[in-house]
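Descriptive analysis of the structure
The chain contents come next:
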Amino acid sequence: MTKKDQHGISIIHQCGSHLLTLINDILDLSKIESGKMELHLIAFHLPSFLQAVVEISRIKAEQKNIDFHYQPTANLPDGIAADEKRLRQVLLNLLGNAIKFTDNGSVNLEISGSSHPSNSSIIKLHFRVRDTGVGISAAQLEKIFLPFEQVGDDARKSEGTGLGLAITQKIVEMMDSSISVQSELGAGSVFEFEISCPLAADWMHSSSFTKIGKIIGYSGSKKQILIVDDRWENRSVIVNLLSPLGFAMVEAENGREALEKLSKLMPDLIITDLSMPVVDGWEMLSQVRRSENFKNIPIIVSSASVYEIDRQQSLAAGGDDFLSKPVQAEELYVLLAKHLDLSWVYAETLTVLANSQEQAELEMVLPPASELANLIEYARKGQMKGIEQELEKLSKSDAKYQPFVNQLNQLVQEFNIQKIRQFLQQG
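Analysis parameters
Residues numbered from 1 in each chain as written. Predicted model: local features only at pLDDT ≥ 70, side-chain atom pairs only at ≥ 80, totals over all residues. Heavy atoms only, no water. Helix = DSSP H or I, 4+ residues; strand = E, 2+ residues; numbered from the N terminus. Expected span 1.5 Å × (residues − 1). Buried < 20%, exposed > 50% of the residue type's maximum accessible area, 1.4 Å probe, protein only. Arc of directions from axis to C-beta. Pairing = 2+ DSSP bridges. Axes fitted to C-alpha atoms, helices over the stretch in contact; angles between N-to-C directions. Contact = heavy atoms within 4.5 Å. Salt bridge = Lys/Arg side-chain N within 4 Å of Asp/Glu carboxyl O. Polar contact = N/O pair within 3.5 Å; in protein donor to acceptor, adjacent residues only side chain to side chain. Parallel < 35°, antiparallel > 145°, perpendicular 65-115°, else oblique. Left-handed = near helix turned anticlockwise from the far one by under 90°. Core = buried A, V, L, I, M, F, W, Y, C linked by side-chain atoms within 4.5 Å. Nonpolar A, V, L, I, M, F, W, Y, C, P; charged D, E, K, R; others polar. Patch = residues over 30% accessible without salt bridge, like charges linked within 9 Å, V, L, I, M, F, W, Y side chains within 5 Å. Areas by Shrake-Rupley, 256 points an atom, 1.4 Å probe, with all protein chains shown as cover.

**Some words on helix α15 (residues 384-397)**
- An ideal rise of 1.5 Å per residue puts 20 Å on 14 residues; α15 measures up with 20 Å between its terminal C-alpha atoms.
- Taken together, the buried positions of α15 are Met384, Gly386, Ile387, Glu390, Leu391 and Leu394. Down the axis of α15, the smallest arc covering the buried residues is 155 degrees, so these residues share one side.

Next up, the structure:
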């Protein structure tokens, strides 16, 4: 194609991407307004989730030559139960806006945790996004959360849909919170919100559930995996997912350390980041593929990059596959089975009418319709704490409801909101 043709194709692609974003935003807003958007609570590894959000945002900040600072406190938990997709959407939207409206200076993401005053199994997470951008006038502050309202000059308005903050505020409201804003025109803005989440110490247990069943191990000889990443959060999530399944895990903070460890051991597979200090993933890939001893080791490149070109380049440089961050357990298991030729070993899948409990299930006494309605409403909103409180009341009210309470409690412990809804609908 000529340069003119390429320019035309680029404009078509940009317009198509903008239109797709607009359609998706309108659909999200419509779901919220009609009450059809629901939160889906799952247990996940908080540090690696946050690190993936940070890496995506840092890439955007670097493109504008502004600084990006991530400041978590030391008391953040490893695992929480929340709607991972919607929380990511909220954070990326707030950070994306901060970067878009900042031309000089920095964008900061600050996160702190505090214990719930009345429940030790709940953590309160406080998120603050600060920027040194253009700021928002007092008149504009009153309208920024309204649909299709945009601030700033026309050039910046063309980059968005005017729906992002409206959707973000409504999602946060579904999480029983709200976003507060402080801003000074020409001096920057601060957006912050706080949510309460159940702690999930056994997030690895929940992550090992796949569509087929719960993975408890694999057949064959013990496999050794080398994980290379300069962020402990990213190494930690993979180590915690795979160690319980019987893998021998070896960690390296950069490419040079990985190459040193390769000289002393022969891992069955390598999972590596690309952007690292000292020796990055690109150079490490190159050296491994040039080595007669290690050139045939399968290598999975793991990155938060959303650009298809980075995926293609990592495969062209010697990677065998690509694993997106934040790491999704089921995607990781698929890639390991593919490149290590594994056969997973599954635990017996939990069903509502398991053979060993069939008689007890048949004798299950359902609670009154009013109590069932409360449980169904909590399940619809994804409010696990509300379900636990209702079950506790039922347990104390009459022993005949105990089989029902036990069955539902089992699903609550797994944070499996889909099975909870199915169970209640069957009831």
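**Section: the sheet that holds strand β9 (residues 224-228)**
- Spatially, five strands are ordered β10-β9-β11-β12-β13 in an open sheet, and the strand pairing comes out parallel. In the strand order of this sheet, the two ends are held by β10 (248-252) and β13 (321-324), each with one partner. Neighbour-to-neighbour, the strand axes of the sheet open up by a mean angle of 20 degrees, direction not taken into account.
- In the sheet, strand β11 (residues 269-272) pairs with strand β12 (residues 299-303) via three bridges, with the strands oriented parallel. What sits directly across from Ile270, in β12, is Ile299.
- Helix α8 (residues 232-242) contacts β9, β10 and β11 of the sheet and is inclined by roughly 170 degrees relative to β10.
- Across the sheet, helix α12 (residues 329-340) touches β9, β11, β12 and β13, and the angle it forms with β13 is around 165 degrees.

**Details of the sheet that holds strand β7 (residues 188-198)**
- Here five strands make up an open sheet; going across it, the order is β2-β4-β5-β7-β6 and the pairing mixed. Every interior strand has two partners, whereas the edge strands, β2 (67-72) and β6 (180-184), have only one. Each strand axis lies, on average, 15 degrees off the axis of its neighbour in the sheet, ignoring direction.
- Of the pairings in the sheet, the one linking strand β5 (residues 122-131) to β7 comprises nine bridges and is antiparallel in character. Bridge assignment links His126 to a residue of β7, and that residue is Glu194.

**What to know about the pattern of salt bridges**
- Applying the stated criterion across every chain, the model contains 19 salt bridges.
- The salt bridge partner of Lys261 is Glu257, with a shortest N-O separation of 3.3 Å. Of the two residues, Lys261 and Glu257 are both situated in helix α9 (residues 255-262); the distance of four residues between them amounts to about one turn of the helix.
- One salt-bridge network, held together by shared partners, links Glu55, Asp229, Asp273 and Lys325.

**A short note on helix α3 (residues 84-100)**
- Compared with an ideal rise of 1.5 Å per residue, which puts 17 residues at 24 Å, α3 spans 24 Å between its outermost C-alpha atoms and is within 8% of the ideal.
- α3 sits mainly inside the fold: 13 of its 17 residues count as buried.
- Two to three positions downstream of the cap, the backbone nitrogen of Lys85 sits 3.3 Å from a side-chain oxygen, assigning the N-cap of α3 to Asp83.

**Some words on the packing of α8 against α12**
- It is the contact of α8 with α12, at a shortest axis distance of 11 Å, that shows an interaxial angle of 70 degrees. With respect to each other, α8 and α12 are oriented roughly perpendicular. As for how α8 packs across α12, the hand of that crossing is right-handed. Contact residues: α8 offers Ile238, Leu241 and Leu242, while α12 offers Ala329, Leu332, Tyr333 and Leu336.

**Thoughts on the environment of Ala201**
- One can find Ala201 in the loop between β7 and α7 (203-207).
- The exposed category is assigned to Ala201, whose relative accessible area is 71%.
- Taking C-alpha positions, Ala201 is 9.6 Å from Ala81, a pair spaced 120 residues apart along the chain.

**Some remarks on the side chain of Asp229**
- Within the fold, Asp229 resides in the loop between β9 and α8.
- The residues touching Asp229, leaving out its near neighbours within four places in the chain, are Asn234, Arg235, Ala252, Glu253, Asp273, Met276 and Lys325.

**What to know about the nonpolar core**
- Membership of the largest hydrophobic core comes to 90 residues, with the highest contact counts inside it found for Phe193, Leu242, Phe247, Leu336, Leu408 and Ile420.
- In terms of residue count, α3 provides more of this core than any other element does, seven residues in total.
- Excluding residues within four positions of it along the chain, Ile420 makes contact with Ala379, Met384, Ile387, Leu408, Leu411 and Val412.
- Leu274, Met276, Met284 and Phe294 belong to the second largest nonpolar core, which has 17 residues in total.

**Section: the packing of helix α2 (residues 46-63) against α3**
- Closest axis-to-axis distance for the α2/α3 pair is 10 Å, and the angle between their directions is 25 degrees. Considering the angle they form, α2 stands roughly parallel to α3. As for the relative orientation of α2 and α3, their crossing is right-handed in sense. Note on element contacts: α3 touches α2 through Glu84, Leu87, Arg88, Leu91, Leu92, Leu95 and Ile99, opposite Phe49, Leu50, Val53, Ile56, Ser57, Lys60 and Ala61.
- Residue composition of the contact of α2 with α3, grouped by class: 10 nonpolar, one polar and three charged.

**Brief notes about a nonpolar patch on the surface**
- Side chains of Met1, Ile9 and Ile12 sit close together on the surface and give an oily, nonpolar patch of about 370 Å² of accessible area.
- Here Ile12 shows up in helix α1 (residues 3-33).
- Here Ile12 falls in the exposed class, since its relative accessible area comes to 59%.

**Thoughts on the side chain of Ser106**
- Of note, Ser106 is situated in strand β4 (residues 106-115).
- Here Ser106 is in contact with Asp67, His69, Arg130, Asp131 and Thr132, once residues within four sequence places are set aside.

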